[in-house]
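Chain by chain, the residues run as shown.
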Amino acid sequence: MRGNSLEKDLSLLINNQKYSDIEILCEDEKKLYGCRAILAARSEVFDRLLYNGMKESYETKISFPKINSAGMKIVLEYTYTGSIKIESLTKDNIIEAFYAADYFQLPDLQDFIMNTFKNTLEKNCDENYSPELLSKLAEKMPLTEDNILLNLLVEAVAVIPLNTIEFGRLSITGLRYLLSYTHEEEPLFATPEYEVFRYGAILAAKQVSNEAYNTLMEQLPNLEQIRQENPVQIKNKIIDDHQKVAKELEPLVKLIDFRRIKGQILVNIIEPLGITPIEIILNVYRYNTLSFNSDLNDTRGNYVYDESACGSKLIIEDNGKVVCAPNNLTDWQSVSVKVALGNKDVFEWDVIIEKCCTSAAVGVCASENFNYETWAGYQATGWVLSSQGSSVNSNVWLGNYCPSFGDGTKITVHLDMNKRTCAFTVNGTKYPEVLAWNNLPSKLYPVVSLKYPGRFRIQPHKK
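Residues numbered from 1 in each chain as written. Predicted model: local features only at pLDDT ≥ 70, side-chain atom pairs only at ≥ 80, totals over all residues. Heavy atoms only, no water.

Colleague: So, the overall build of the protein chain: which residues are in play, and what are the values?
Modeller: The helix and strand tally for the protein chain stands at 15 helices and 17 strands. Expressed as lengths along the three principal axes of its C-alpha atoms, the size of the protein chain is roughly 80 × 65 × 35 Å. Looking at the protein chain residue by residue over its 463 residues, the buried ones come to 52%. Sequence separation of at least 24 residues holds for 65% of the intrachain contacts in the protein chain that already meet a minimum separation of 6. As presented, the protein chain carries roughly 22,600 Å² of accessible surface, and 47% of it is formed by carbon and sulfur atoms. Treating the 48 positive side-chain charges of the protein chain as one cloud and the 59 negative ones as another, the clouds have centres 1 Å apart. (Helix = DSSP H or I, 4+ residues; strand = E, 2+ residues; numbered from the N terminus. Buried < 20%, exposed > 50% of the residue type's maximum accessible area, 1.4 Å probe, protein only. Contact = heavy atoms within 4.5 Å. Areas by Shrake-Rupley, 256 points an atom, 1.4 Å probe, with all protein chains shown as cover. Lys, Arg positive; Asp, Glu negative; His and termini not counted. Charge placed at Lys NZ, Arg CZ, Asp CG, Glu CD.)

In structure tokens:
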């Protein structure tokens, strides 16, 4: 019955030809219907287009050649009712909707779309369609620092090992956006630099021809194959159209840090392909010759503590790499890193105990029902190694995992998301997986717990 709900009554007008006075023509040649007065009242962009005193003010049709009807439908639903049903947004229309919301300057709709995507990621970490969405958005919008959805997508794709993303899911433009963002910002990144080159080169070859693609699949083994006791024997073969492959690869080459790739791989595998500029290869050789103790890891990116997932009194310093407790913090608080580890891969990171405290703790946590105002080991969603040498979860202490530790200790966390297990290395001695933690959740965050005078530094694992 009409009259009970303004939102429901206005929803009757959405794309309803009977109550409309303008036709909206979209990129995919589909026609939608709208009421110019409502559209203009809700969006300054519509107002300028429909009431500018020019011919558009009198015509009954308006065309948007860059906006898909799927995105326009979301804009119409929002402009008429002020809200969006969650089920209206799907992986098939979320990019179009975000682009349309940006075009019509509807920031609240953009925020809703971003939060919906974020929640979807958290609930469905095993079914991650971020590569496809990043590819779509990369085709629609330029790479800018203030594009919140683009940044969120890049962070989501960055923690997926590239060698697990099937070719065709991530476009070359999407990969360029990923590498450009992570090249400068250095967020958490799951893929070693050689695998970045391998993925980019094969993707570039795929744009050229099936023959070039198949040749590079043979010529570029993955790191696991290279590290085998009996590594794959590579027969160097000239790639047909190698100049075309090099041309396709060119935008990506500038964003790959070849210094992170072992010299043996550069000499035996990459250089013979002839698809990387020789000056880049020579610069790496010079760097390797002059750098006796390079501190570069084979993987870009950093683990960074998250101020929004942090105890209220803890202090985060050094661009997120250090957390410390002030002298008035006498009870433990916790902090986790920004990005979840939820894909089937092995993750490793180091925590340096620059200053220890009673029952310092290092490990992992799940975001559900986790309380950052207290010690991680007390909680059902916290799995930590304490400075007493015990592994702890749900306040169940399993002693004698390792000797107790203090100032200057380096702890490496080895999280195997394939097996859902966790192990630790303490001051160079690796200890076995914690048997009691044999079915960890599918998505976890690195976490530490401390009180005064604790000061912990987190960094990628240096092998």
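Colleague: I'd like to hear about the nonpolar core, residue by residue, with values.
Modeller: Counting 91 residues, the largest nonpolar core has M72 and F197 as its most contacted members. Sorting elements by how many residues they give to this core places helix α10 (residues 193-208) first, with nine residues. The two domains that each donate at least three residues to this core are domain 1 (6-125) and domain 2 (148-291). If we ignore the near neighbours within four places in the chain, the residues touching F197 are L220, L249, I256, F258, I261, I270, L273, I275 and T276. (Core = buried A, V, L, I, M, F, W, Y, C linked by side-chain atoms within 4.5 Å. Domains from an automatic or database assignment.)

Colleague: I'd like to hear about the pattern of salt bridges, residue by residue, with values.
Modeller: In total, this model carries 18 salt bridges according to the counting rule given. Note that E166 and R169 form a salt bridge whose closest N and O atoms lie 3.3 Å from each other. On the accessibility criterion, R169 (21% relative accessible area) is partly exposed. Residues K410 and D350 are paired through a salt bridge, measuring 3.6 Å at the closest nitrogen-oxygen approach. (Salt bridge = Lys/Arg side-chain N within 4 Å of Asp/Glu carboxyl O.)

Colleague: Account for the sheet that holds strand β9 (residues 361-365), with residues named and values stated.
Modeller: The seven strands are arranged β4-β7-β16-β9-β10-β11-β12 in an open sheet whose pairing can be described as antiparallel. Two strands lie at the open edges of the sheet, namely β4 (305-310) and β12 (396-398), each paired on one side alone. The sheet shows a mean angle of 30° between the axes of neighbouring strands, direction not considered. Of the strand pairs in this sheet, β9 and strand β16 (residues 445-450) are connected by five bridges, and their pairing is antiparallel. (Pairing = 2+ DSSP bridges. Axes fitted to C-alpha atoms, helices over the stretch in contact; angles between N-to-C directions.)

Colleague: Give a detailed account of the domain arrangement of the protein chain, specifying residues and quantitative values.
Modeller: Each domain of the protein chain was delimited in the assignment, giving domain 1 (6-125), domain 2 (148-291) and domain 3 (305-460). One C-alpha centre belongs to domain 2, the other to domain 3, and the line joining them spans 33 Å. Taken together, the contacts link six residues of domain 2 with six residues of domain 3. In total, domain 2 and domain 3 occlude about 510 Å² of area from one another, counting both sides; carbon and sulfur atoms represent 71% of this. For the interface between domain 2 and domain 3, the tally reads zero salt bridges. Classifying every residue of the side of domain 2 that touches domain 3 gives five nonpolar, no polar and one charged. (Buried area = accessible area lost by both parts, 1.4 Å probe. Nonpolar A, V, L, I, M, F, W, Y, C, P; charged D, E, K, R; others polar.)

Colleague: Give me the lowdown on the pairing of β9, citing residues and values where you can.
Modeller: With respect to burial, β9 is a largely interior element, five of its five residues being buried. Bridge count between β9 and strand β10 (residues 382-386): five bridges; the pairing is antiparallel. Across the sheet, residue A361 finds its bridge partner in β10, namely S386.

Colleague: Go over the sheet that holds strand β14 (residues 421-426), please, and point to the residues and values.
Modeller: Strand order in this open sheet of seven strands is β5-β6-β17-β8-β13-β14-β15, and the pairing throughout is antiparallel. Of all the strands in the sheet, just β5 (315-317) and β15 (429-430) have a single pairing partner and so form its edges.

Colleague: Can you lay out the environment of V351 for me, pointing to particular residues and giving the numbers?
Modeller: Locating V351 in the fold gives a position in strand β8 (residues 346-355). According to the relative accessible area criterion, V351 is buried, its value standing at 1%. Non-local contacts of V351, meaning those with residues more than four positions away in its chain, are made with V362, T409, K410, I411, V448, F456, R457 and I458.

Colleague: Now, about the packing of aromatic side chains: what can you tell me, with residues and values included?
Modeller: Applying the stated rule across the entire model yields 17 aromatic pairs. Centroid distance F46 to F64: 6.0 Å. Interplanar angle 85°. Geometry classified as edge-to-face. With F46 in helix α3 (residues 44-50) and F64 in strand β3 (residues 61-64), this residue pair connects regions lying 18 residues apart in the sequence. Across this residue pair, the class does not change: F46 and F64 are buried. Between F424 and W437, the aromatic rings sit 6.2 Å apart at their centres with planes inclined by 80°, giving edge-to-face as the arrangement. With a gap of 13 residues between them, F424 in strand β14 and W437 in the loop between β15 and β16 connect regions that are remote in the sequence. Of the two residues examined, F424 and W437, each falls in the buried class. Taken together, the ring pairs connect F46, F64, Y103 and F104 into an aromatic cluster. A cation over an aromatic ring shows up here: R42 above the ring of Y78, its NZ or CZ 5.3 Å from the ring centre. (Phe/Tyr/Trp six-rings, centres within 6.5 Å; stacked < 30°, edge-to-face > 60°. Lys NZ or Arg CZ within 6 Å of the ring centre and 35° of its normal.)

Colleague: Got a sec to walk through the side chain of S69? Specific residues and values, please.
Modeller: Structurally, S69 is set in helix α4 (residues 69-81). Residues within four places of S69 in sequence aside, it is in contact with C26, D28, K30 and L32.

Colleague: Talk me through helix α13 (residues 242-253); I want residue IDs and the actual numbers.
Modeller: With twelve residues, α13 extends only 15 Å from end C-alpha to end C-alpha; this falls clearly short of the ideal 16 Å at 1.5 Å per step. Every buried residue belonging to α13 is among V245, L249, L252 and V253, and all of these are buried. The buried residues of α13 occupy one face: seen down the axis, they fall within an arc of 80°. In α13, those exposed residues whose orientation departs by more than 90 degrees from the buried face are Q243, K244 and K247. (Expected span 1.5 Å × (residues − 1). Arc of directions from axis to C-beta.)

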